[in-house]
Amino acid sequence: MPSFLLRPMRSFAGSDDRAERAHEPLVASLYSQPGTMVIGTVTTVGATWAAARVADTDWLWIAFAVVAIVGAGRLALTVLLRRESAYFEPETREFAYKVGAFAFALVLGLTSGGAVWFDADSGVELLLVANAIGYGIGVSARNAGRPSIAIGQLALVCVPTALAGLLVGDLVHVVLAINLILLIAAMISIARSIFGVLRDALASAETSRTLAERMQHLARTDVVTGLSNRAGLNNGLVETMATLDPDTCLALFWIDLDRFKDVNDLHGHPAGDKVLAEIAGRLRGLAPRPATLARFAGDEFIVVAPVADRAAAERLASEIHCEIMRPQRVNDERLELRASLGVAMLPDHGTDADTLMRAADLALYHAKVGGRSQTRFFERQMTRDLARRREIETELRSALQRDELSIFFQPIVDLETARIRSFEALVRWFHPEKGELLPDEFIPIAEESGVIVTLGNWITMQAARVAATWPDDITVAVNLSPMQIRAPGAALGIRNALREAGLDPRRLELEVTEALFLEDNPTTAAFIEELTEIGVRFALDDFGTGYSSLGSINSFPLSKIKVDRSFVSGAKVGRKSDAIIRAVAEMGSTLGMGVVAEGLETVEQVNAVRAAGCNLGQGYYFSRAVPDYLATMLLAQEREAQLRQAND
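Thresholds applied
Residues numbered from 1 in each chain as written. Predicted model: local features only at pLDDT ≥ 70, side-chain atom pairs only at ≥ 80, totals over all residues. Heavy atoms only, no water. Phe/Tyr/Trp six-rings, centres within 6.5 Å; stacked < 30°, edge-to-face > 60°. Helix = DSSP H or I, 4+ residues; strand = E, 2+ residues; numbered from the N terminus. Buried < 20%, exposed > 50% of the residue type's maximum accessible area, 1.4 Å probe, protein only. Lys NZ or Arg CZ within 6 Å of the ring centre and 35° of its normal. Expected span 1.5 Å × (residues − 1). Arc of directions from axis to C-beta. Contact = heavy atoms within 4.5 Å. Salt bridge = Lys/Arg side-chain N within 4 Å of Asp/Glu carboxyl O. Pairing = 2+ DSSP bridges. Axes fitted to C-alpha atoms, helices over the stretch in contact; angles between N-to-C directions. pLDDT = per-residue confidence, 0-100. Parallel < 35°, antiparallel > 145°, perpendicular 65-115°, else oblique. Left-handed = near helix turned anticlockwise from the far one by under 90°. Nonpolar A, V, L, I, M, F, W, Y, C, P; charged D, E, K, R; others polar. Core = buried A, V, L, I, M, F, W, Y, C linked by side-chain atoms within 4.5 Å. Right-handed = clockwise from strand over helix to strand, strands pointing away.

What follows deals with the packing of aromatic side chains. Throughout the structure, instances matching the rule amount to 9 aromatic pairs. Centre to centre, the rings of Trp-59 and Phe-118 are 5.1 Å apart; their planes meet at 40°, and the pair counts as tilted. Here the residue Trp-59 occupies a position in helix α5 (residues 58-83), and Phe-118 occupies one in the loop between α6 (90-117) and α7 (122-142), the gap between them amounting to 59 residues. By relative accessible area, Trp-59 is classed as partly exposed at 25%. Look at Phe-408 and Phe-430: their rings are 6.0 Å apart centre to centre, the planes differ by 40°, and that puts the pair in the tilted class. On the criterion of sequence distance, the pair formed by Phe-408 in strand β8 (residues 405-414) and Phe-430 in strand β9 (residues 420-431) is long-range, its members being 22 residues apart. Accessibility expressed as a relative area gives 15% for Phe-408, which makes it buried. Accessibility expressed as a relative area gives 37% for Phe-430, which makes it partly exposed. In textbook terms, an aromatic cluster arises when at least three aromatic residues are bridged by ring pairs, as seen for Phe-409, Phe-423 and Trp-470. Over the ring of Phe-377 we find Arg-310; its NZ or CZ atom is 4.1 Å from the centre of that ring.

Another point: helix α23 (residues 575-591). With 17 residues, α23 extends 24 Å between its outermost C-alpha atoms, agreeing within 8% with the 24 Å of an ideal straight helix rising 1.5 Å per residue. Taken residue by residue, α23 has Ser-577, Ile-581, Val-584, Ala-585 and Gly-588 as its buried positions. Across the axial projection of α23, the buried residues extend over an arc of 100°, all falling on one side. Among the exposed residues of α23, those oriented more than 90 degrees off its buried face are Arg-575, Lys-576, Glu-586 and Thr-590. Along its buried surface, α23 packs onto β13 (537-543), β14 (558-563), α22 (566-569), β15 (594-597) and α24 (603-612). Positive backbone phi, at 75°, marks Gly-592, one or two positions downstream of α23.

Further remarks concern the pattern of salt bridges. With the rule as written, the count across this model stands at 25 salt bridges. As a salt-bridge pair, Glu-530 and Arg-495 come within 3.7 Å of each other at their nearest N and O atoms. Pair noted here: Glu-530 is in helix α20 (residues 522-533) and Arg-495 is in helix α19 (residues 490-501), with a separation of 35 residues, a long-range link. Using a relative accessible area of 32% as the deciding quantity, one classes Arg-495 as partly exposed. Through salt bridges with shared partners, a single ionic network connects Arg-419, Asp-473, Glu-638 and Arg-639.

Turning to the sheet that holds strand β6 (residues 339-346), a few remarks are in order. If you trace the 5 strands from one edge of the open sheet to the other, you get β2-β3-β1-β6-β7, paired in mixed fashion. Each edge of the open sheet is held by one strand with a lone partner, namely β2 (292-297) and β7 (375-377). Looking at each pair of strands side by side, their axes are set apart by 20° on average, direction ignored. Summarising the sheet, β6 and β7 pair through 3 bridges and their orientation is parallel. The residue of β7 that forms the bridge with Gly-342 is Arg-376. Contacting β1 (249-257), β2, β3 (300-307), β6 and β7, helix α14 (residues 353-369) runs over the sheet at an angle of about 150° to β6.

What follows deals with unusual backbone geometry. Note: most residues except glycine have negative phi, and most peptide bonds are trans. Put simply, Leu-346 and Pro-347 share a cis peptide bond, and its omega is 10°. By secondary structure assignment, the location of Pro-347 is in the loop between β6 and α14. Backbone geometry places Ser-373, a non-glycine residue, at a positive phi of 55°. When you line up the elements, Ser-373 lands in the loop between α14 and β7. Its relative accessible area of 35% is what places Ser-373 among the partly exposed residues. Located in the positive-phi region is Ala-418, a residue other than glycine, with phi close to 65°. Among the structural elements, Ala-418 can be located in the loop between β8 and β9.

Now for the environment of Arg-142. Following the sequence through the fold, Arg-142 ends up in helix α7. Here Arg-142 falls in the partly exposed class, since its relative accessible area comes to 22%. On a C-alpha basis, the gap between Arg-142 and Thr-36 in space is 8.7 Å, while along the polypeptide they are 106 residues apart.

Glancing now at the confidence of the model for the protein. Confidence in the prediction for the protein averages 82 pLDDT; 90% of positions are at 70 or higher. Confidence drops under a pLDDT of 50 for residues 1-18, and excluding neighbours within four residues, the segment shows 33 contacts in the predicted structure.

For the pair α6 and helix α8 (residues 147-168), the least separation of the axes is 8 Å and the interaxial angle reads 15°. When the axes of α6 and α8 are compared, the pair comes out roughly parallel. Crossing handedness for the pair α6 and α8: right-handed. Residue composition of the contact of α6 with α8, by class: 16 nonpolar, 8 polar and 2 charged.

Core analysis: the largest hydrophobic core is formed by 68 residues, its most contacted members being Phe-409, Leu-455, Trp-470 and Phe-527. Examining the composition of this core, we find that 9 residues originate from one element, helix α17 (residues 451-467), more than from any other. When neighbours within four sequence positions are excluded, Leu-455 is seen to be in contact with Leu-400, Leu-405, Val-427, Phe-442, Ile-443 and Ala-446. If you look at the next biggest cluster of nonpolar residues, it comprises 35 residues, including Ala-251, Phe-260, Leu-276 and Leu-293.

Once that is clear, we can look at the packing of helix α16 (residues 439-449) against α17. Direction vectors running N to C along α16 and α17 enclose 120°, while the axes themselves pass 5 Å from each other. Relative to α17, α16 is oriented oblique. Counting all contacts with α16, which are made through Phe-442, Ile-443, Ala-446, Glu-447 and Ser-449, the residues of α17 involved are Val-451, Ile-452 and Leu-455. For the contact of α16 with α17, the per-class residue count stands at 6 nonpolar, 1 polar and 1 charged.

Moving on, we come to α20. Look at α20: 16 Å from first C-alpha to last across 12 residues, which is about the 16 Å you get at 1.5 Å a residue. Among the residues of α20, those classed as buried are Thr-524, Phe-527, Ile-528 and Leu-531. An end-on view of α20 places all buried positions within 90° of arc, on one side of the element. Those residues of α20 that are exposed and angled more than 90 degrees off the buried face are Pro-522 and Glu-533. Packed against the buried residues of α20 are α18 (482-486), α19, β12 (508-513) and β13.

Here the focus is the pairing of β6. Within β6, 8 of the 8 residues are buried, which leaves it mostly tucked inside the rest of the structure. The two faces of β6 match: Ala-339, Leu-341, Val-343 and Met-345 on one face and Ser-340, Gly-342, Ala-344 and Leu-346 on the other face are all buried. Bridge count between β1 and β6: 8 bridges; the pairing is antiparallel. Each residue of the ladder has a partner; that of Phe-253, found in β6, is Val-343. For the crossover from β6 across α14 to β7, the handedness is left-handed.

Next up, the structure:
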């Protein structure tokens, strides 16, 4: 028998990488259809029994016994290895199958060859030879996934019969031998072809699976930081919660980098991406294992990690703050970032991923509203607060349409003459069910929701209409939100309000806070410049409570400074506050600005700020904020008093 038929066919199965990758599934194919093996074994054993029964010779009965024993043993081994496949390596399973297959094929081939050699009855010879050839062809196709086994079985079945035919030497048997040899050659080609198709199909399937896994990885990964993106976070969070020990807490940290927009604006987006990648690396280094880390949005990160208790979560939050605040270099400049953190814990704050995410998001919202650069853990009250804020936001939009809002005016008085110089327009909301809602409650909500732009334009319009009915020497002051100023067309909205009300722009004073100037925003500068050109004046409100007061005064055309009420009537009023008021008043006098002292409630406070150099005052001592008709009445009474004094 040619030796190449007995050794593993490396030319097919081992010479290329695709065959190696396909090895395990191809071995599995040997065991995939045990029914065909049972049929082949039963029919072969049956044919051998029939031949022995008809010929009734000792050697055929012995052959039948050997075929039956080998066939039964092979079936038992195959069933065992198929059922316990997880405990055996593919090489072991392939070797065991090969031994059984070759043994069964050999005894079948020797039986067929013996029938030719011993010149058995023609019917018996035909049955055994046909049975052997049919079995050989069948297994060649069935086991083509492992060509060495397929061709080895065919050779062991056919070669003994071919050799016996050649040795017998008559024409019929010689032709039979030649046909069998040609059959072996043909089946080798067919087996190789089938194997190639199977190998390529499996390799293509593996390539597709690898590509799909790669695409899935890319779809779940943030390209800038290498962390999970939203899709990856959702998948990782669900998997983490599914495998979490019941006695282990899970903390979700929602991280928002404070003022990260400045990094992109000042250094460019490539530098911003490097900063984000650096932050991601730091988070990856400190997060306990196992943890899920994700970049949720532009400058937002999420860390999901198992913790022992809330104290452990607080320590981890502190470590996150420290890592983020650790300086880094950007374009050869030292950069220090801060972050706001919202934390929710499982099972205290939620038992599923969506609830936990909402709780952490709400905690982050309160961390940012509360002043940023801090950590807030979720509290049940936050949900109620959010519901009320959402309710107020919705009702505020409706209130603007239903004219539930009103404008009140508080006078600003000349401290030397006691005459009214201006009125500050203040919005009031008288809710039909909730009663009066204070501005401190709904103005922040209006700013966060964007309603402040519509509300601010409405206030300016109403104030300008009322002011147009006053004497020409009385001005009106309107507070502006930074968000309103930065809105598209903000200056145009102010100009339209002045035009429709018929108010001289020089009689409008817009009060802005120092928070407006914390960012070097060209939109702010353009807004102030455009309105200053037509005569609108600007005042700096709540002076002394911000961070950039002197820079703001030096950079922008401000006509008035309003000293915050905390220096006049606050709990820390004393020599230091008096010194501050004097310094501000002297600076205002030098720069030609009016200086307004807010929060005046007693005559002693009035005398004190006047002595300190303030020339204007505002507060309950003079008047509370009043409706427009009372503001007009105050002006009329003042004019009458002046006429009486002039006549006297």
